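# Coordinates in review
Listed below are the residues making up each chain.
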Amino acid sequence: MNAVSLGPLVFSHERLHVVIAIAAFLGAVELAAWFRATRSPDVHRWSLIVVACWIVAARAGFVLANLDSFAAEPLSALAIWQGGFAASGGAVGLALAALAMMLRRPGVLRPLAFAVLAGGLAYTAAGQVFPVEARGQLPQIALPTLDGAPVPLADTGGRPVVVNLWATWCPPCRREMPMMMDLASNRDDVVVRFANQGEPRATVLRYLDSQDLGGERVLLDPDQRLMETFGLLGLPSTLFFDADGRLVAVHTGEISRAALANRMNDLSPEAP
């Protein structure tokens, strides 16, 4: 399992690491502000600047590294909830924030450096407590197409497989599906399947028709066997299997075009 459930929210372990790091950073800021209130009155304001610098720079680094994917959907660069940050870009952002502090408010540099260190240590510790791992094998089951024909999931012709678990009631599933189908239509080296979870055929057909989406890659999983097999907590979830059927990665939540393309390229030795 690569996710945790906090009430109605489901966090992948990668996102949980970031949440814990930010919480530790902000907690350290409060502690530093309490100890140095008379000498660093605007430490809170500068802490927000530090966070903003990291987010903007790390996101910009990821976008620059995946320009081909973002060229197709430029506005998706703003969809930071999908994930996609470059650590090197984030480091540049922190360096720029530190330079600004040295020039404008040197008194806040030390407490915020302490807070950044606390956030970094928390991120590392979270990675140990909540590891990102993928274990499992493509199950030897057959799921029906929209026409009722059974499709063995493991029958892939020796190609890697991407299985997206989705439902029509799930907003992020609906947002990512057109992009995923478009990318899948341009890749013959990876098998991409969309396994609907728990909904009747008529509901799935009605949604696909309303969005003018093809159903040739759509399978029905009325008993949600895939969610149960892999211990998944929420939708959408995307599973990545290598050519031998081994599970190599799980993405919980909405996925970006860049992240999907990168994962598919990692899977296939014939990646374009």
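Bear in mind the structure is a predicted one, so any value in this text is a computation, not a measurement. (Residues numbered from 1 in each chain as written. Predicted model: local features only at pLDDT ≥ 70, side-chain atom pairs only at ≥ 80, totals over all residues. Heavy atoms only, no water.)

A tally of regular secondary structure across the chain gives nine helices and nine strands. Projected onto its principal axes, the C-alpha coordinates of the chain cover approximately 70 × 35 × 35 Å. In the chain, which comprises 272 residues, the share counted as buried stands at 46%. Here the analysis covers contacts within the chain between residues at least 6 apart in sequence; of these, 72% occur between residues at least 24 apart. (Helix = DSSP H or I, 4+ residues; strand = E, 2+ residues; numbered from the N terminus. Buried < 20%, exposed > 50% of the residue type's maximum accessible area, 1.4 Å probe, protein only. Contact = heavy atoms within 4.5 Å.)

Our focus in this paragraph is the environment of Pro-200. The residue Pro-200 is located in the loop between β6 (191-197) and α7 (201-210) in this model. Taking the C-alpha atoms as reference, Pro-200 lies 9.8 Å from Leu-146; in sequence the two are 54 residues apart.

In this section: the nonpolar core. Most often, soluble globular proteins have nonpolar side chains that are buried together. Grouped together as the largest cluster of nonpolar side chains are 49 residues, with contacts concentrated most on Val-163, Leu-208, Leu-226, Leu-239 and Leu-260. Sort the elements by how many residues they give to this core and helix α6 (residues 171-185) lands first, with seven residues. Those residues within four positions of Leu-208 in sequence are excluded, and the remaining contacts are Leu-146, Met-177, Met-181, Leu-213, Gly-214, Gly-215 and Val-218. (Core = buried A, V, L, I, M, F, W, Y, C linked by side-chain atoms within 4.5 Å.)

The strand order across the open sheet built from five strands is β7-β6-β5-β8-β9, with neighbouring strands paired in mixed fashion. What marks the edges here is a single partner per strand, and that holds for β7 (218-221) and β9 (247-252). Sheet twist, expressed as the average angle between the axes of neighbouring strands with direction ignored, equals 20 degrees. Summarising the sheet, strand β5 (residues 161-166) and strand β8 (residues 237-241) pair through five bridges and their orientation is antiparallel. Within the sheet, the bridge partner assigned to Val-162 lies in β8 and is Phe-240. Each of β5, β6, β7 and β8 touches α6; the most contacted strand, β5, lies at about 155 degrees to it. The sheet contacts of α7 involve β5, β6 and β7, and relative to β7 the element is tilted by about 150 degrees. (Pairing = 2+ DSSP bridges. Axes fitted to C-alpha atoms, helices over the stretch in contact; angles between N-to-C directions.)

So, about the layout of surface pockets. Where empty space is left in the structure can be found by rolling a water-sized probe over the atoms. The volume enclosed by the largest pocket comes to roughly 1,600 Å³. For the largest pocket, the lining is made up of 50 residues, of which Glu-14, Arg-15, Val-18, Trp-54 and Phe-85 are closest to its centre. Elements that contribute at least two residues to the lining of the largest pocket include exactly β2 (9-12), α1 (13-35), α2 (43-65), α4 (87-104), α5 (109-129), α6, β9 and α9 (257-267). Among the elements that take part in the lining of the largest pocket, α1 stands out by supplying eight residues, more than any other. When the residues that make up the lining of the largest pocket are grouped by side-chain class, the tally is 30 nonpolar, 14 polar and six charged. Put simply, the second largest pocket is a space of about 210 Å³. As for the second largest pocket, its lining consists of 15 residues, and the residues nearest its centre are Arg-159, Val-190, Val-191, Val-192 and Arg-217. (1 Å grid on protein atoms, 1.4 Å probe; cavity = no way out; pocket = protein on both sides within 12 Å on 5 of 7 lines; lining within 4 Å. Points joined across faces, edges and corners; volume = space filled by probe spheres on them. Nonpolar A, V, L, I, M, F, W, Y, C, P; charged D, E, K, R; others polar.)

With that settled, the discussion passes to α1. A rise of 1.5 Å per residue sets the reference length of α1, with its 23 residues, at 33 Å; its end C-alpha atoms lie 33 Å apart and thus fit the reference within 8%. Taken as a whole, α1 has its buried residues at His-13, Leu-16, His-17, Ala-21, Phe-25, Ala-28, Val-29, Ala-32 and Ala-33. (Expected span 1.5 Å × (residues − 1).)

This brings us to the pattern of salt bridges. Side-chain pairing between opposite charges can occur once the charged atoms of the two side chains come close. Evaluation of the coordinates by the stated rule reveals nine salt bridges. A salt bridge links Asp-42 to Arg-45; the shortest N-O distance between them is 3.3 Å. (Salt bridge = Lys/Arg side-chain N within 4 Å of Asp/Glu carboxyl O.)

With that out of the way, let us pick up a nonpolar patch on the surface. Together, Val-18, Ile-22, Leu-26 and Tyr-123 make up a nonpolar patch on the protein surface, roughly 310 Å² of accessible area in all. The biggest single contributor to the nonpolar patch is α1, with three residues. (Patch = residues over 30% accessible without salt bridge, like charges linked within 9 Å, V, L, I, M, F, W, Y side chains within 5 Å. Areas by Shrake-Rupley, 256 points an atom, 1.4 Å probe, with all protein chains shown as cover.)

Keep in mind that these numbers describe shape and distance, not what the molecule does.
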